[in-house]
Amino acid sequence: QLQLVESGGGWVQPGGSLRLSCAASGSIFSINAMGWYRQAPGRQRELVARITTGGASDYAESVKGRFSISRDNAKNTVYLQMNSLKPEDTAVYYCNANGVLTITPSRPGMDYWGKGTLVTVSS
């Protein structure tokens, strides 16, 4: 009922940059916070960054100063600009959104997840 589709992943050399996009679609009444999580093999999924509707953001300590999250509320899209990428940033990046469906507009938001996009940072 609410779909999230990530794009922009790929291979990049250390020190390079990538920009991830995530577009939400479906029977959306509203979207609250959106964020990016990542998971590398053998590791737990971790929060990378999240952003509120109003633009307040929060970052994992490991990416502060290198990554920047933003969103376009009119397009129901969230972005993650990743600079100065390191090999340890290699992971599948998942988009997350807390949203409210039109079919249940009075209910609190629920979390939805994209299928993920792979980011590989290596020489």
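To be clear, the structure that these remarks concern was listed above.
Rules used in this analysis
- Residues numbered from 1 in each chain as written.
- Predicted model: local features only at pLDDT ≥ 70, side-chain atom pairs only at ≥ 80, totals over all residues.
- Heavy atoms only, no water.
- Disulfide = S-S within 2.5 Å.
- Helix = DSSP H or I, 4+ residues; strand = E, 2+ residues; numbered from the N terminus.
- Buried < 20%, exposed > 50% of the residue type's maximum accessible area, 1.4 Å probe, protein only.
- Core = buried A, V, L, I, M, F, W, Y, C linked by side-chain atoms within 4.5 Å.
- Salt bridge = Lys/Arg side-chain N within 4 Å of Asp/Glu carboxyl O.
- Phe/Tyr/Trp six-rings, centres within 6.5 Å; stacked < 30°, edge-to-face > 60°.
- Lys NZ or Arg CZ within 6 Å of the ring centre and 35° of its normal.

(A) A look at the state of the cysteines. This model, assessed by the stated rule, comprises 1 disulfide. Across the disulfide, Cys22 is cross-linked to Cys95 (sulfur-sulfur distance 2.0 Å). In this structure the cystine formed by Cys22 and Cys95 twists about its S-S bond by roughly -85°; its chirality is therefore left-handed. Placement of the pair is Cys22 in strand 3 (residues 18-26) and Cys95 in strand 9 (residues 91-101), with a sequence separation of 73 residues. Under the relative-accessibility criterion, Cys95 is labelled buried at 0%.

(B) Representation of the nonpolar core in the model. Formed by 32 residues in total, the largest nonpolar core has its most connected members in Trp36, Leu80, Met82 and Tyr93. Contributions of two or more residues to this core are made by strand 1 (2-7), strand 3, strand 4 (28-39), strand 5 (46-51), strand 7 (67-72), strand 8 (77-82), strand 9 and strand 11 (117-121). With 5 residues, the single largest contributor to this core is strand 9.

(C) Region of the structure containing unusual backbone geometry. If you check the backbone angles, Asn76 has positive phi at about 50° while not being a glycine. Along the chain, Asn76 turns up in the loop between strand 7 and strand 8. Using a relative accessible area of 24% as the deciding quantity, one classes Asn76 as partly exposed. Notably, Ser84 is not glycine yet its phi reads approximately 50°, a positive angle.

(D) Here's a closer look at the pattern of salt bridges. Counted by the stated rule, this structure contains 5 salt bridges. Here Lys64 ties to Glu61 by a salt bridge, and the two come within 3.2 Å at their closest N and O atoms. On the basis of relative accessibility, which here comes to 63%, the residue Glu61 falls in the exposed class. A salt bridge links Arg66 to Asp89, with the nearest nitrogen and oxygen atoms 2.7 Å apart. Within this pair, whereas Arg66 is found in the loop between strand 6 (57-59) and strand 7, its partner Asp89 is found in the loop between strand 8 and strand 9, the two being separated by 23 residues in sequence. For the pair formed by Arg66 and Asp89, the shared burial category is buried. The network of salt bridges with shared partners includes Arg38, Glu46, Arg66 and Asp89.

(E) Broad picture of the packing of aromatic side chains. Per the stated rule, a full pass over the model turns up 1 aromatic pair. Considering the side-chain rings of Tyr37 and Trp113, the 4.9 Å spacing of their centres and the 65° angle between planes classify their relative orientation as edge-to-face. Of this pair, Tyr37 sits in strand 4 while Trp113 sits in strand 10 (residues 110-113); the two residues are 76 residues apart in sequence, bridging distant segments of the chain. Lying across the ring of Tyr94, Arg45 places its NZ or CZ 3.8 Å from the centre. Here Arg45 stacks its cationic end above the ring of Trp113, 4.8 Å away from the centre of that ring.

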